[in-house]
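The residues making up each chain are set out below.
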Amino acid sequence: MAIERTFSIIKPDATRRNLTGKINAKFEAAGLRIVAQRRIQMTETQAKKFYEVHAARPFYNDLVKFMTSGPVVVQVLEGENAVAKNREIMGATNPANADAGTIRKEFAESIEANSVHGSDSAENAAIEIGYFFAGADIVG
Ligand code: CMP
C-alpha cells in the first residue's frame, strides 16, 4: 500500500474543549504523521467554498455558521492508506453510529459538532489540502 496524504480539520467544538492534543494523539497512535498543521479562524467565504458540495443540503447554512464559530486546526496527515485509515479513526459522521474508540464516539457532541473532518477520497484530499496549504508548508 502506497504512502498517501489526507486533509483533516479539528473543528470548533473540539478546539473549544481543548481537545487538539488528544485528537492528534489518536492520529499518531494509529500511525498517521501530522506533516502540516495550522490553527486558523475560518472565514465565511472559506467555509462556504469548502462545503460547496453540500450547498443544497438543509444543514449547509448552520454548518457554515458552526465552522466559523471558533478556531479550527487544519492539517495534512500522511501514512499508509491515510484516507481510509483516517476515516476509521474518526468513526461515522453521526457519533450515535460511531464505533467505540473512534474520535467521534469519544468526543463528538452531535452530527454537526462532530469534532473532525477528513477527506473522503485521495482526489478530494488533494483538492482540500490545496485550499489551505502550499507545497512548501508540508514537510513529510
Ligand atoms: P464533515 O465530514 O465535515 O462533512 C460535512 C459535515 O456536515 C459533516 O461532517 C457534519 O459536521 C455536518 N452535518 C450536519 N448535519 C449533517 C447531516 N444531517 N448529515 C451529514 N452531515 C451533516
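On a predicted model such as this, the values are computed, not experimentally measured, just so you know.

Peer 1: Even after reading the chapter, I still don't get the nonpolar core, so can you show me in this structure?
Peer 2: In summary, soluble globular proteins display a tendency toward joint burial of nonpolar side chains. With 22 residues, the main nonpolar core has Phe7, Ile9, Met42, Met67, Val74, Phe132 and Phe133 as its most contacted residues. Looking at this core, the elements that each hand over two or more residues are β1 (3–10), β2 (33–40), α3 (44–50), α4 (60–67), β3 (72–80) and α7 (122–132). Top contributing element to this core by residue count: α4, with five residues. With sequence-adjacent residues up to four places away left out, phenylalanine 132 is seen in contact with Phe7, Arg38, Ile40, Met42, Gln46, Phe50 and Val74. Counting residues in hydrophobic clusters, the runner-up holds 14 residues, among them Ile10, Val73, Ile89 and Ile103.

Peer 1: What's the story with helix α5 (residues 82–90) in this structure? I'm lost.
Peer 2: For an α-helix, 3.6 residues make a turn, and residues three or four places apart therefore share a direction. Among the residues making up α5, those that are buried are Ala82, Val83, Asn86, Ile89 and Met90. End-on, the buried residues of α5 take up no more than an arc of 125°, which puts them together on one face. Among the residues trailing α5, glycine 91 stands out with phi positive, at a value near 85°.

Peer 1: So what exactly am I meant to see when it comes to the site of the ligand here?
Peer 2: Every residue close to the ligand is listed here: Lys11, Tyr51, His54, Phe59, Leu63, Thr93, Arg104, Ile111, Glu112, Asn114 and His117. Here an oxygen atom of the ligand sits 2.5 Å away from a polar atom, N or O, in the side chain of tyrosine 51. In this structure, histidine 117 approaches the ligand through a side-chain N or O atom, which is 3.1 Å from an oxygen atom. Relative to its unbound accessible surface of 450 Å², the ligand loses 79% to contact with the protein. Here the residues of the shell around the ligand sort into four nonpolar, four polar and three charged.

Peer 1: I keep staring at the sheet that holds β1 and nothing clicks. Help me out?
Peer 2: Sheet strands associate in pairs through backbone hydrogen bonding, adopting either a parallel or an antiparallel arrangement. Reading across from one edge, β2-β3-β1-β4 is the order of the four strands in this open sheet, with antiparallel pairing throughout. Edge strands, defined here as strands with exactly one partner in the open sheet, are β2 and β4 (116–118). Put simply, the sheet's adjacent strands are angled 20° from each other on average, direction ignored. Direction of pairing for β1 relative to β4: antiparallel, over a ladder of three bridges. Each residue of the ladder has a partner; that of serine 8, found in β4, is glycine 118.

Peer 1: Looking at this structure, I do not really get the pattern of salt bridges. What am I missing?
Peer 2: Where charged atoms from two side chains of opposite charge approach closely, those side chains can pair. This structure, assessed with the given rule, holds seven salt bridges. One salt bridge connects arginine 17 with aspartate 13, and the closest N-O pair in it is separated by 2.7 Å. Under the relative-accessibility criterion, aspartate 13 is labelled buried at 0%. Look at the salt bridges and you will find they share partners, linking Asp13, Arg16, Arg17 and Glu109 into a network.

Scoring rules and cut-offs
- Residues numbered from 1 in each chain as written.
- Predicted model: local features only at pLDDT ≥ 70, side-chain atom pairs only at ≥ 80, totals over all residues.
- Heavy atoms only, no water.
- Core = buried A, V, L, I, M, F, W, Y, C linked by side-chain atoms within 4.5 Å.
- Buried < 20%, exposed > 50% of the residue type's maximum accessible area, 1.4 Å probe, protein only.
- Helix = DSSP H or I, 4+ residues; strand = E, 2+ residues; numbered from the N terminus.
- Contact = heavy atoms within 4.5 Å.
- Arc of directions from axis to C-beta.
- Near = heavy atom within 4 Å.
- Polar contact = N/O pair within 3.5 Å; in protein donor to acceptor, adjacent residues only side chain to side chain.
- Areas by Shrake-Rupley, 256 points an atom, 1.4 Å probe, with all protein chains shown as cover.
- Nonpolar A, V, L, I, M, F, W, Y, C, P; charged D, E, K, R; others polar.
- Pairing = 2+ DSSP bridges.
- Axes fitted to C-alpha atoms, helices over the stretch in contact; angles between N-to-C directions.
- Salt bridge = Lys/Arg side-chain N within 4 Å of Asp/Glu carboxyl O.

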